[in-house]
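# A structural walkthrough
The chain contents come next:
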Amino acid sequence: MKITLKLNGHPRLFEITPNEYLLDTLRKNNMTSVKNGCDASSCGACSVLIDGKPMLSCSVLSARADGCEVTTVEGIQKEVDHISDFFGDEGADQCGFCNSGLALTIYALQKDLKNPTDEEIKNYVVGNLCRCSGYQAQFIAIKRYLEDQK
Amino acid sequence: MKIVKTKIPSIDGKGIMMGRPAYTDDLSDPNSLIVKLLRSPYAFAKIVSIDTSKAENLEGVELVLTYKDVPKKSFTRAGQGYPEPSPHDKFVFDEYARYVGDEVACVAAVSEVIAEKALSLIEVKYEQLEAVLDFETAIDSPIIVHPEDGILEMFPIGFEPKRNIAAVYGMEVGKVEKTLKECEVIIKESFYTQAQAHAMMEPHTVNARLDIHNRLVLYSSTQTPFHVRRIVSQTLDVPLSRIRVIKPRVGGGFGGKQALHGEMFVSLVTLRTGKPSKIVYSRKEVFESTFTRHPMRVDMTLGAMKDGTLKAIDCHVLSDTGAYGEHALTVFMVTGAKVLPLYNKVDAVRFNGEVVYTNHVSAGAFRGYGAIQGNFALESAIDILCTKLDMDPIEFRQKNMIVEGETSPIFEIMGEGTAGTAMIMESCKLDYCVKRGIELIDWKKKYPRVDLKNHKIKAVGMAIAMQGSGIPYIDMGAATIKLNDDGFYNLMVGATDIGQGSDTILAQIAAEALMTTVDKVIVYSSDSDLTPFDTGAYASSTTYVSGNAVLKAATQMKEMIIIEAAKVLKVEPKDVDYDGVVLKAKDQQITLSDLSNRLTYNEDQKQLTTTGSYVGHKSPPPFMAGLIEIDIDKETGEFDIIDYVSVVDCGTPINLKLAQGQVEGGIVQGLGMAAFEEVRYGKKGNMLSNSFLYYKIPTTKQIHKLTTEFAESYETSGPFGAKSVGEIGIDTPPAALANAVYNALGVRITSLPITSEKIYNAMQEKKQKESNS
């Protein structure tokens, strides 16, 4: 079947099978920022924005995203470039497999919450698992980025 | 030092966060056949019959392979050097399935849906066998996990498969029994450590293709590309020269990707079909069918005098290697070799035990590699002894632990699978680490406990640890440096960046030695055709071993540049003054940029290139003190980890932020093991914890505060004074937490993980005992 997604600002036609998940549709179309970490909606590596809201693309059927606006890290390169500066400074990026998904969630957090508390920040990104960093460097990087965006 | 011991960002972090293609699956051929595995539903079974005809006839299926299609040649998936200290006890496919998830057959099809459909069409009749699921009764059980012929040890490791024994080892310094009899205080305790899952974020992934020379090219998410090439060659009888292994960006390993998992299957499919293929493990497969940490029982006996002098340590270990013996001997030996030397002043020390087969998923290499298991036992036992001696555990450690300039006979006796290497601790700031650690956590105010009045108690606990820096005389790393026109360099290393940042710190080492900046050193790592050899990213070897190779190559390159400049300037090389940019002699000068352009295009043209290789002659241990602060509920045993203080002696931290990341990542992975992570099985040996829903790893919510500092330390044999830092962080949390729980509530938890449920039950038991007496 055919669906239309407004992918990173541009309407595009995709040929999909009815049981296909958005994660696979996006990766097949070279959106390499979207990662398959658990295929069971529990790690956050496949995070994308659907109509502006962070969602796990491994648990959204592509057919259900028909007509939606889908944003991946490929569509917000400038913002992620900026976020990555803070991660680099804090040594928060190790293997990097979770980082694109996290960057997208941070981008959404920055738009969603004004002056979030530490607790609110942690609640927002708690679904983005990381096995490398121990989280503290990430958390400091996120706070510094949010401070900078004020 | 200008570049080393700074906190420059990792050289690839930005590109990766921005989503550029980097990982194995990003680089697969879009036309790849999808390879999927049929896995055993039983913990132990023999295949009576297997019919693949329906699967083969399904449209879109290219190949189905079972044990009937593959020569029966034993190998080990351990991913170690050759000859391996792990037994060759695995076949690519076998008539036996030895754990739930063991490989039975594979299919290659044009799509994932067809591959999965094909798996369901394979008809297998199994004879179910009774399984060995309790590792404490495995030895000489009537059920033999490996009854087959054709399996072997590469050199004597005590391999006795008919007794379910994968490996055995024992050693004794002094006379333990006699010394214990002379001791005034003795404690004896058994400790249990659980299987832990690596849970790296990128699942195991491999793809294969044939290149225009008809060679097999593997892109593998591996920690050991050169071992992968050798093991695939030996096992599938493909000449080594016909295989190229490329390691792209790897999304975490922690030892889990030292092993070979998908490599054999995609290699077979591509060799037999001529078509590109790929395998991406599902998360369920990563949990059920790769490796875990070795679960162990560690029996520890300590003997001391009343004045707090530790006299004897007796340590017996029983380790569960699961269905196959990957890393069986070596992990078990490290349980002693990188733990017991912490208390080097004892009169007698004994270490022995067995590694047994069971029908659980195999255990393998995992950050800490036995040391975390041994550390939990020894550092818990030390606190138990201190309670009996009525002595402060800090004071006891300061009196008995190893200090700079000392040694332990264990270094010479125990290596990894073979004898070890004698060494003096030329850099050991453990005394500083302990002193600074107690300051940072405010030990004096909080030890042993502070009643917070709201049902809660604040308590602290601590442990000390050591690790190694590579395996002496075995681990070899090499680096090639090439000078380009315009005066920048290529650094080609066999060393394997798996996310720990080794490409960055190796570039820093090269830049420091070449007196240039990191942007002028272009790193390319781990491609068996293009980079020199390296054993791989394991055994905490990269900074020390590969780093030394880079330093050697860079030093040689600097000399070569000076020789070329001297020719141009018509002086002796010794008269050339060089600052990394300009080469001067008397009143003449030439820039590196001009010199390199001239060497490329104009006069006496040549390519300057040089290779350095390094093999360690010792394995200088990093040391640390780990201190935990918890707030614990007096009634339920539920606790919060308020702070974890780490003071680490890793010699010179090459990159301050990346070294901190290694420590903190290790601490949090260790806290997961200490507090809640556990691979759990059902009654029939099926894994219950086979997803992130049922196997919880720490999230950002559990981490309140990590305080990490480095001791000023310089290891003269390391590159710019560096030792390793990759593993040391994981070792202390289990014992530190157990000690803190005891300090808070007076209950001693001797089995991991230390859950509130165990604490609650221990408190109830304690109350019962107190009311009975």
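Residues numbered from 1 in each chain as written. Chains lettered and ligands numbered in written order. Predicted model: local features only at pLDDT ≥ 70, side-chain atom pairs only at ≥ 80, totals over all residues.

### What to know about the confidence of the model for chain B
Reading predicted coordinates in detail is not appropriate for stretches of low pLDDT. For clarity, the cut-off: pLDDT expresses how confident the predictor is about each individual residue, on a scale running from 0 to 100.
For chain B, per-residue confidence averages 97 on the pLDDT scale, and residues scoring 70 or more make up 100% of the total. This prediction of the complex comes with two scores: 0.98 for pTM and 0.98 for ipTM.

### Side note on the sheet that holds strand β5 (residues 103–109) of chain B
Residues and elements named next belong to chain B. Let me state the cut-off plainly: Two strands are counted as paired when DSSP detects at least two bridges linking them. Working definition: helices are DSSP H or I runs of at least four residues, strands are E runs of at least two. Numbering for both runs from the N terminus. All axes here are fitted lines through C-alpha atoms, helices being fitted over the stretch that makes contact, and every angle between N-to-C directions spans 0 to 180 degrees. Throughout, a residue-residue contact means that the two C-beta atoms, derived from backbone geometry, are no farther apart than 7 Å.
Taken together, 7 strands build an open sheet; the order of strands is β3-β5-β1-β12-β9-β10-β11 and the sheet is mixed. Lying at the two open borders of the sheet, with one neighbouring strand each, are β3 (61–65) and β11 (243–246). Averaged over all neighbouring strand pairs, the angle between strand axes comes to 20 degrees, with direction disregarded. Looking at chain direction, strand β9 (residues 205–210) and strand β12 (residues 277–280) are connected through 4 bridges and run antiparallel. If you follow V206 over to β12, its bridge partner there is I279. Packing against the sheet, helix α5 (residues 225–236) makes contact with β10 (216–220) and β11, and its axis sits at approximately 150 degrees to β11. With respect to the sheet, helix α6 (residues 263–273) is in contact with β1 (33–39), β3, β5, β9, β10 and β12, its orientation differing from that of β9 by roughly 20 degrees.

### Considering the nonpolar core
All names here are of chain B. Rules: The term nonpolar core means buried Ala, Val, Leu, Ile, Met, Phe, Trp, Tyr and Cys residues held together as one set by C-beta atoms within 7 Å. With C-beta atoms placed from the backbone, a residue counts as buried when 20 or more other C-beta atoms lie within 10 Å of its own, as exposed when 12 or fewer do, and as partly exposed for counts between those limits.
Counting residues in hydrophobic clusters, the biggest one holds 306 residues, and the most contacted among them are L491, A510, V550 and V741. A total of 11 residues in this core trace back to one element, the largest contributor, which is helix α9 (residues 371–389). If we ignore the near neighbours within four places in the chain, the residues touching V741 are I632, V747, I749, I754 and I759.

### A word on the domain arrangement of chain A
It is common to give the size of an interface as the accessible area lost on bringing the parts into contact. All names here are of chain A. Using the following cut-off: Just so you know, the domain bounds were taken from an automatic or database domain assignment.
As far as domains go, chain A holds domain 1 (2–74) and domain 2 (76–149). Placing a centre on the C-alpha atoms of domain 1 and another on those of domain 2 gives a separation of 21 Å. The element contributing the most residues to the side of domain 1 that touches domain 2 is strand β3 (residues 47–50), with 3 residues.

### Observations concerning the pairing of strand β27 (residues 706–710) of chain B
Residues and elements named next belong to chain B. We apply this condition: Think of it like this: strands point away, you trace from the first strand over the helix to the second, and a clockwise trace means the crossover is right-handed.
Burial along β27 is one-sided: the residues L706, T708 and F710 are buried and none of T707 and E709 is. Bridge analysis of strand β26 (residues 639–649) against β27 gives 5 bridges, and the strand direction is parallel. From the neighbouring strand, V648 faces β27, where its bridge partner is F710. Each parallel crossover has a hand, and the one from β26 via helix α17 (residues 656–675) to β27 is right-handed.

### Details of helix α15 (residues 542–569) of chain B
Inclusion rule: Expected helix span is taken as 1.5 Å per residue step, with the number of steps being one fewer than the number of residues.
With 28 residues, α15(B) ought to run about 40 Å at 1.5 Å a step, and its terminal C-alpha atoms sit 39 Å apart, in line with that. Looking one or two residues past α15(B), K570(B) carries a phi angle of roughly 55 degrees, positive in sign.

### Let's talk about the packing of helix α8 (residues 328–337) of chain B against α9(B)
Residue and element names in this part refer to chain B. Counted only if it meets this: Helix crossings get a hand from a simple test, with the near helix turned counterclockwise from the far one by less than a right angle marking a left-handed crossing and a clockwise turn marking a right-handed one. Three classes are used, and their members are as follows: Ala, Val, Leu, Ile, Met, Phe, Trp, Tyr, Cys and Pro are nonpolar, Asp, Glu, Lys and Arg are charged, and the others, Gly among them, are polar.
Between α8 and α9, the least distance of the axes is 7 Å, while the angle of their chain directions is 35 degrees. In this structure, the crossing between α8 and α9 has a hand that is right-handed. Together, V334, T335 and G336 of α8 and A371, Q373 and G374 of α9 make up the contact between the two elements. For the contact of α8 with α9, the per-class residue count stands at 2 nonpolar, 4 polar and no charged.

### Description of the environment of A108(B)
Residue and element names in this part refer to chain B. On the secondary structure map, A108 appears in strand β5. Since 29 C-beta atoms lie within 10 Å of it, A108 is described here as buried. Residues A108 and V356, 248 residues apart in the sequence, show an inter-C-alpha distance of 35 Å. When sequence neighbours within four positions are dropped, the list of residues in contact with A108 reads L33, V35, E62, L63, V269, T273 and S277.

### Here we look at the domain arrangement of chain B
Residue and element names in this part refer to chain B. Taken domain by domain, chain B holds domain 1 (13–129 + 201–252 + 257–289), domain 2 (296–470 + 618–772) and domain 3 (476–615). Relative placement of domain 2 and domain 3: their C-alpha centres are 40 Å apart. In this complex, domain 2 contributes 18 residues to the contact, which on the side of domain 3 involves 18 residues. Here the residues of the side of domain 2 that touches domain 3 sort into 7 nonpolar, 9 polar and 2 charged.

### A look at the pairing of strand β1 (residues 2–7) of chain A
Residues and elements named next belong to chain A. With burial as the criterion, only one face of β1 is covered, namely that bearing I3, L5 and L7; the residues K2, T4 and K6 on the opposite face remain uncovered. For β1 and strand β2 (residues 10–15), the ladder comprises 6 bridges, and the chain directions are antiparallel. Looking across to β2, one finds that L5 is bridged to R12. Where β1 folds back onto β2 in an antiparallel hairpin, the turn is made up of 2 residues, including N8, whose phi is positive at roughly 50 degrees. Where β1 and strand β5 (residues 69–71) come together, 2 bridges link them in parallel fashion. Within β5, the residue paired with L7 across the bridge is V70.

### Here we look at helix α10 (residues 393–400) of chain B
Spelled out, the test is: Relevant arc is that of directions from the helix axis to the C-beta atoms, nothing else.
If you check which residues of α10(B) are buried, you get P393(B), I394(B), F396(B) and R397(B). Relative to the axis of α10(B), the buried residues are bounded by an arc of 160 degrees and lie together on one face.

### Things to note about the sheet that holds β3(A)
Residues and elements named next belong to chain A. One open sheet accounts for 5 strands, arranged β2-β1-β5-β3-β4; its pairing is mixed. Each edge of the open sheet carries a strand with a single partner, namely β2 and β4 (53–56). Going across the sheet, the axis of each strand differs from the next one's by a mean of 40 degrees, ignoring polarity. Sheet topology note: the β3/β5 ladder contains 2 bridges and is antiparallel. Along β5, the bridge assignment pairs I50 with V70.

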